[in-house]
Amino acid sequence: MGARIAQMVPTLFLLLLAAFTLLHLAPGDAAQVLAGESGGGDTTYLANLRSRFGLDQPIYVQFMLYARNVLSGDLGFSFRNNMNVVDLIGARLLPTLLLTGSAMAVAVAFGMTAGALAAAHAGKWQDRLISGIALLIYATPGFLLGIGLMILFGVTLPWLPIGGFVASQGIDSGFEYALSVAKHLVLPVVTLGALYAAIYTRFTRGAMLEIYVQDHVRTARAKGLAASRIILRHVMRNASLPLITVIGLQAGSLLSGAILVETVFAWPGLGRLAFEAVQQRDYNLLAGLVLTTGTLVVLINLCVDLLYAVLDPRVTLR
Amino acid sequence: MTTDSERDELPTDISIRVPNIVLRIFRSWRKFPLSLHIGLLILLFQLAVALLANTLYPQDPFELVGMPFMAPGEDPLFPLGTDILGRDIAAGVVHGSRVSLLVGFAATLIATIVGTTIGLVSGYFGGWVDHALMRLTELFQVIPHFLFAIILVSIMGADLSNIILAIGLTSWSMVARLARAETLALRELDFVKISVVMGGGHLRAILTHVLPNALPPVIVSASILTALAVLTEAGLAFFGMSDSNHVSWGSMIGASRDALLTAPYMTLIPGAAIVVAVMGFSLIGDGLGQILRRGHRI
């Protein structure tokens, strides 16, 4: 356990290095950005700014300054938003976790069910239908699926709001607030959830088909166990282990998907923040986002490993 | 006389060899799984469209050729209609297939070369080399790929080559893990060890013994990567990060965003092209994976 956590340290250090490199590759340094924001400045002004922010120091000193700032919770300042990057990200973190968490739950529930159904009817029309739909959803770009659902359920059939986080008026109680957020949540969650449900369907089907041919399943059949019990206890349980690994590996990709989906639905999360930061070339904010999302994925992977050790007693954490 | 006999030998040699290869492909073609058949047909069709783009639509796809907002079928000259500015959508789709294929293949090539090299070196040598390279791979795994790609494109500029580079450089981690896992199993096998004992050197062992045997699963993952690269390119273009000198399916969708409700066909037609292309590559990946698991040789 301790060793597993220690293993995260070099990755997090590389993440810090990557964010720092990013800031340095970006056109213009902090001094130029500052001077630009205050309406330009001459070379002495720039030199003054550089020495004040330590930008005239050797690169490794600059990196140590940066690391010290990040570790003390200072991710820099976003001049475009006139806010600290930490505050910006903090305000957007919860909506993204709400969106990706719900989407993940939807994806796992639908994906495992559909995958199990397809595997149980392998080669028959049920399998072809489920696999076909999964392939079609998988091949659809997330933003296109989002736009399609938005037109269908927000415009043609005006059942759901087409974007945003919560209705701007008519909110009187906490319950109404929650209800409004839930309504706004449906379409983005369905969009993101459907994409990953398709991936999990394909994966669950493959993993279960591999287990169906194993001896212990044949034994269970020979004992005369009910088909549903064999599927749930003997096949699904074993297939869920590799699935958990895939879910952990997909954590970063779920955040990638959130960038497009949040932009389409104007969901005020990290993904939309990333889109805005790229549009405004706000590299301080982008570096902060790289650090935040990267750390998030590292932590999710840690949780997955812990879960794995709980579910499979043969696995011990190194 | 000698020249005559050489001349006699050459054609027969070739005439025996060529039909053999054709026959072999044809024979194994019938044994391919259905998904591989459909996937390869889609790919062949897309290749043909991309190669014939200039013959089918010789004019610049960016040219304003008709009235804007013409629905498909409204004018027989423009079977798929025209977009916001009056550009021929059919010409855009046909020319866009070039960009999508180019980005898909080139980005996959970069990701596969980088990933395979890192995976092979990491798995073969083990120890601290493995440790260091795996932490690097982890870094490229934990930063969300799309975030990484949009940052790289925004720093380097939205040229076609930069887009390819950004997609390729952010998507190799999966290949590296796969190649490493294969190499870990292969390096323990006798023929690899013997090659080194015989004085062949590590490079020779890696290139002639480990690489060819580790390649099949890498090729399967390459077709999945190609599908993902096409999707990523579309996502970047939707964000306005596309090369303004080349029409692409994603940029066509991005350009029609304002007409989404009045003329959804402008979005749906290039969208359908993306879906078909990505399905093609995924089906190829599925089919190759099935063959690999079945363990029979092509």
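Residues numbered from 1 in each chain as written. Chains lettered and ligands numbered in written order. Predicted model: local features only at pLDDT ≥ 70, side-chain atom pairs only at ≥ 80, totals over all residues. Heavy atoms only, no water.

Chain B is annotated in an unreviewed UniProt entry as ABC transporter permease from Neorhizobium lilium.

1. As for the overall build of chain B
Inclusion rule: A helix here means a DSSP run of H or I that spans at least four residues, while a strand means a run of E at least two residues long, and both kinds are numbered starting from the N terminus. Any residue under 20% of the maximum accessible area for its type is buried, any over 50% is exposed, and the rest in between are partly exposed; the area is computed with a 1.4 Å probe on protein chains only. Note on definitions: a residue-residue contact is assigned when non-hydrogen atoms from the two residues lie within 4.5 Å. Using the Shrake-Rupley algorithm and a 1.4 Å probe, accessible areas are obtained, with residue cover drawn only from the displayed protein chains.
In terms of regular secondary structure, chain B is built from twelve helices and zero strands. Along chain B, helices and strands appear, N-terminal first, in the series α-α-α-α-α-α-α-α-α-α-α-α. Out of the 298 residues belonging to chain B, those deemed buried represent 50%. Contacts spanning at least 24 positions in sequence make up 72% of the contacts within chain B whose residues lie at least 6 apart. When the accessible surface of chain B is summed, it comes to about 14500 Å², and 68% of that surface belongs to carbon and sulfur atoms.

2. Describing the UniProt feature "domain: ABC transmembrane type-1" (unreviewed entry) in chain B
Selection rule: UniProt positions are given in the numbering used here, feature names are shortened, and annotations may be inferred rather than shown by experiment.
As recorded in UniProt, the sites labelled "domain: ABC transmembrane type-1" (unreviewed entry) are residues 97-285 of chain B. Segment residues 97-285 of chain B splits into 83% helix and 0% strand. End C-alpha atoms: 20 Å apart.

3. A short note on the UniProt feature "transmembrane region" (unreviewed entry) in chain B
Residue and element names in this part refer to chain B. Under the feature "transmembrane region" (unreviewed entry), the UniProt entry names residues 34-57, 101-127, 139-157, 218-239 and 260-284. Between the C-alpha atoms that bound residues 139-157 the distance is 23 Å, and the span itself is 84% helix and 0% strand. Between the C-alpha atoms that bound residues 260-284 the distance is 32 Å, and the span itself is 80% helix and 0% strand.

4. Quick look at the interface of chain A and chain B
Interfaces are frequently sized by the accessible area removed from exposure as the parts join. Short version of the rule: Buried area counts how much accessible surface, traced with a 1.4 Å probe, disappears from two parts once they are put together, with both parts' losses summed. By definition, a salt bridge exists where a carboxyl oxygen of Asp or Glu is found within 4 Å of a side-chain nitrogen of Lys or Arg. Under the rule applied, a polar contact is a pair of N or O atoms within 3.5 Å (in protein, one hydrogen donor and one hydrogen acceptor; residues adjacent in sequence only if both atoms are side-chain atoms). The classification used treats Ala, Val, Leu, Ile, Met, Phe, Trp, Tyr, Cys and Pro as nonpolar, Asp, Glu, Lys and Arg as charged, and all other residues, Gly among them, as polar.
Counting from both sides, the interface comprises 46 residues of chain A and, opposite them, 37 residues of chain B. Interface area, chain A with chain B, both sides summed: about 3600 Å², of which 79% is carbon and sulfur. We note a salt bridge from A:Arg202 to B:Asp286, for which the minimum N-O separation is 3.1 Å. On the surface where chain A and chain B come into contact, there are six residue pairs in polar contact (both at pLDDT 80 or more). Every element with two or more residues in the side of chain A that touches chain B is listed here: helix 2 (8-25), helix 7 (125-139), helix 8 (142-156), helix 9 (174-212), helix 12 (251-265), helix 13 (270-279) and helix 14 (283-311) of chain A. Sort the elements by how many residues they give to the side of chain A that touches chain B and helix 14 of chain A lands first, with nine residues. Looking at the side of chain A that touches chain B, its residues break down into 32 nonpolar, ten polar and four charged.

5. Here we look at unusual backbone geometry
The general pattern is negative phi for most residues beyond glycine and trans for most peptide bonds. All names here are of chain A. Positive phi, close to 50°, is recorded for Ala266, a residue that is not glycine. Tracing the chain through its elements places Ala266 in the loop between helix 12 and helix 13. For Ala266, a relative accessible area of 33% corresponds to the partly exposed category. The phi torsion at Arg281 lies on the positive side, around 50°, for a residue other than glycine. Topologically, Arg281 is positioned in the loop between helix 13 and helix 14.

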